[in-house]
Amino acid sequence: MRRLFLLSLPILVASCARPPRPAAMADAESVRRTPAAKNAASLAPEAYLHAEKLRAEAETAYENGDLPGAQILAQRAVAAYQHALVLARISYAGETANRARLALRIAEQALAQNDGELKRVSAQADDLEVRIKVIKDAAPIAAAGRADGARETARLASARSLALDARLLCAAARMIAADAAPLTQAQGLVDDLDKRLVSQLRPAPVDAAMRARAQCLGALTLARRSASTTSSVGKSDQLLSELSAMGGLSPVRDDRGVVVTLRNLFAGDQLTKEGRDRLDSLGRVAQAHPDFPVQVVVHASGPKSKLGRDEGMAISKALVEAGANAERMLVEAAGSAHPVIDPSIARDASRNERIEIIFVDPGG
Amino acid sequence: MILTLGAALVSSATGEQLSDRMIAEQILATLGASSAQRALAHAPLEESKHALERAAGARRSGDIRHAEQLEGLSREWAETARDLVRAAAAEADAAALELAAADAGVQAERARALLEEAIARRGRAEAELAKLATDAGPFPTLPPTSASARAKPAKPSNTKGTP
């Protein structure tokens, strides 16, 4: 009897002991202890409390001996902790997005402010630099004394080139503001100079030519100021960009404005198809930028050159047909005063034959 | 999927509260329609489906209480899957915004540097102009107005040389 009792004792103890905890309850505990879960407690508190409640319900079910219920509730608690982690990610992403949005807005405001300020300061600097150039050009210079024949010839070529520059600058000024007093004075200098270049070749009037050029540049600068109250920096950049984007034109900027140089537009005395297409495009650009008067400058290679005023007029006509304003266009026959290649090199002399289309910067 | 969505619509139209099972099935149907979303939330979707199958088994055996608990588990995983997709989208948006903000910050810095350069350029020009104005008179310098003055070449003793 006693032996039977001793044998049945372990069985009785085993039957009274609590059943093992479901594995899911341990899983829920371990998920709960992770740093991410602690983070979720602050970023997604409601979801975290929901998971905590489910874990507590699982404990209760286990205490009540409902092992399957405890297992399911613990699994649900694990899912709820995972859900809280995901909601914490959304919350954190929202905070990050808000911070980034604020930083973006601040940066964009700073960019816009700096951009506007940059345009304003650059325009001021451009203006000051032009004034410096005008003053430097207009500064009295030591008169050039007599020189030997070769130097006089070089001075004469230089005087003709400067005289042409002066004429084109004064013409550009006239296209912007025709009635400015400084322009009248500068034009007087240019007219005197032209007379001297025809009648009195020795000594070459190089000093007068430099002065005339400086006065015409000064007149152009003043004409720009009086013509407009707003800066043209942006407009000129835009025009240059458009011309560059057209391809094959290689536009450049000089004192007059934006310059496009064209060659081989004519076959005989007629515009080629390619030449006409080019002029059509440029005419449309001129139409799109009515603030910019257009100068057509015809450069010849010498006295026998085929390019002259007639060709300039044909080009002007083609530009007008494409949309340019005829009243704001001027044709200048520049002759051979501005060669780009030494005219004595016969092989390359034809390179000097070219047409310049100048979109005169109206300034501001 | 159409039946699930239809049942959900009818329940919501009649004001009847949706059961955990119906909500889970609705989310599973919605997410299952997109392969990208399916791939993104693969694990919780599978957990949700598995829980629904277990719930169906419990119902078949008459264990309604545990069947309902399993349906709750399915819903929990389905909602986790749905919000996982939302989290991925929110994180992508935030990353794109951070990138845009960083780019704009760099551009703003560059613009600031350009502005400083322009200010320095203007300062140099102002200084040079002030010096020139002292030497050569105020802008614009115009030539002598009388014709005689223009006609006469300047005497070297009366002129200033330029460098």
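On a predicted model such as this, the values are computed, not experimentally measured, just so you know.

### Considering the overall build of chain B
Step number 1: When helices and strands are counted, chain B shows six helices and zero strands.
Step number 2: Its helices and strands taken in sequence order, chain B reads α-α-α-α-α-α from the N to the C terminus.
Step number 3: For chain B, with 163 residues in total, the buried portion stands at 29%.

### Describing helix H2 (residues 23-32) of chain A
All names here are of chain A.
Step number 1: Looking only at H2, the buried set comprises Met-25, Ala-28 and Val-31. Axial view of H2: buried residues confined to an arc of 125°, hence all on one face. H2 presents Ala-23, Ala-26 and Ser-30 as exposed residues on the side facing more than 90 degrees away from its buried surface.
Step number 2: Buried residues along H2 sit in contact with helix H3 (35-43), helix H4 (45-63) and helix H5 (67-138).

### Quick look at the nonpolar core
Step number 1: Formed by 64 residues in total, the largest nonpolar core has its most connected members in Cys170(A), Ala173(A), Ala209(A), Ala212(A), Cys216(A) and Val294(A).
Step number 2: When residues no more than four places from it in sequence are discounted, the contact partners of Cys216(A) are Ala166(A), Leu169(A), Cys170(A), Ala173(A), Ala186(A) and Val190(A).
Step number 3: Of all hydrophobic cores here, the second largest spans 60 residues; its members include Tyr62(A), Ala74(A), Ala79(A) and Ile27(B).

### Quick notes on helix H8 (residues 206-227) of chain A
Step number 1: Taking 1.5 Å per residue, 22 residues should reach 32 Å; H8(A) reaches 31 Å between its end C-alpha atoms and fits that length.
Step number 2: For H8(A), the buried fraction is high: 19 of the 22 residues fall into the buried class.

### Some points on the pairing of strand E7 (residues 354-360) of chain A
Residues and elements named next belong to chain A.
Step number 1: Summarising burial for E7: seven of the seven residues are buried, a large majority.
Step number 2: Side chains Arg-354, Glu-356, Ile-358 and Val-360 of E7 all project onto a buried face; the interleaved residues Ile-355, Ile-357 and Phe-359 project onto the opposite face, where all are buried too.
Step number 3: Here strand E2 (residues 257-262) runs beside E7; their pairing, made up of six bridges, is antiparallel. Opposite Val-260, over in E7, you have Ile-357 as the bridge partner.
Step number 4: By the bridge criterion, six bridges tie strand E5 (residues 294-299) to E7 in an arrangement that is antiparallel. Bridging across to E7, Gln-295 finds its partner in Ile-358.

### Some remarks on the packing of helix H6 (residues 149-176) of chain A against H8(A)
Residue and element names in this part refer to chain A.
Step number 1: Look at H6 against H8: their axes get within 8 Å of each other, and the N-to-C directions meet at 15°. Put simply, H6 runs roughly parallel to H8. In this structure, H6 meets H8 at a crossing whose hand is left-handed. Of H8, the residues touching H6 (which contributes Arg-155, Ser-158, Ala-159, Leu-162, Ala-163, Asp-165, Ala-166, Leu-169, Cys-170, Ala-172, Ala-173 and Ile-176) are Val-206, Ala-209, Met-210, Ala-212, Arg-213, Cys-216, Leu-217, Ala-219, Leu-220, Ala-223, Arg-224 and Ala-227.

### Focus on the sheet that holds E2(A)
The strands making up a sheet associate through hydrogen bonds between their backbones, and the pairing can be parallel or antiparallel.
Residues and elements named next belong to chain A.
Step number 1: One open sheet accounts for five strands, arranged E1-E2-E7-E5-E6; its pairing is mixed. Of all the strands in the sheet, just strand E1 (252-253) and strand E6 (329-335) have a single pairing partner and so form its edges.
Step number 2: Across six bridges, E5 lies against E6 in parallel orientation. In the strand pairing of E6, Val-297 is matched with Glu-332.
Step number 3: H6 rests against E5, E6 and E7 of the sheet, and its axis sits at about 175° to E6.
Step number 4: Contacting E5, E6 and E7, helix H11 (residues 309-321) crosses the sheet at an angle of about 155° to E6.

### Here we look at the pairing of E2(A)
Residue and element names in this part refer to chain A.
Step number 1: The pairing of E1 with E2 spans two bridges and is antiparallel. Pairing of Arg-253 across the sheet is with Val-258, part of E2.
Step number 2: Connecting E1 to the next strand, E2, in antiparallel fashion are three residues.

### Quick word on the confidence of the model for chain B
Residue and element names in this part refer to chain B.
Step number 1: On average, chain B scores 80 in pLDDT, and the residues at 70 or more come to 73%.
Step number 2: The lowest-confidence element of chain B is helix H6 (residues 147-151), averaging 38 in pLDDT; the highest-confidence one is helix H4 (residues 42-60), averaging 95.
Step number 3: Considering only residues more than four positions removed or in separate chains, one finds that residues 141-163, a stretch of pLDDT under 50, has 32 contacts.
Step number 4: Our summary of model confidence lists the complex with pTM equal to 0.55 and ipTM equal to 0.71.

### Structural notes on the confidence of the model for chain A
Step number 1: Overall, the prediction assigns chain A a mean pLDDT of 86, with 90% of residues at 70 or greater.
Step number 2: The weakest mean pLDDT in chain A belongs to helix H1 (residues 2-16) of chain A at 54; the strongest belongs to H4(A) at 95.

Cut-offs applied
- Residues numbered from 1 in each chain as written.
- Chains lettered and ligands numbered in written order.
- Predicted model: local features only at pLDDT ≥ 70, side-chain atom pairs only at ≥ 80, totals over all residues.
- Helix = DSSP H or I, 4+ residues; strand = E, 2+ residues; numbered from the N terminus.
- Buried ≥ 20, exposed ≤ 12 C-beta atoms within 10 Å, placed from the backbone.
- Arc of directions from axis to C-beta.
- Contact = placed C-beta atoms within 7 Å.
- Core = buried A, V, L, I, M, F, W, Y, C linked by C-beta atoms within 7 Å.
- Expected span 1.5 Å × (residues − 1).
- Pairing = 2+ DSSP bridges.
- Axes fitted to C-alpha atoms, helices over the stretch in contact; angles between N-to-C directions.
- Parallel < 35°, antiparallel > 145°, perpendicular 65-115°, else oblique.
- Left-handed = near helix turned anticlockwise from the far one by under 90°.
- pLDDT = per-residue confidence, 0-100.

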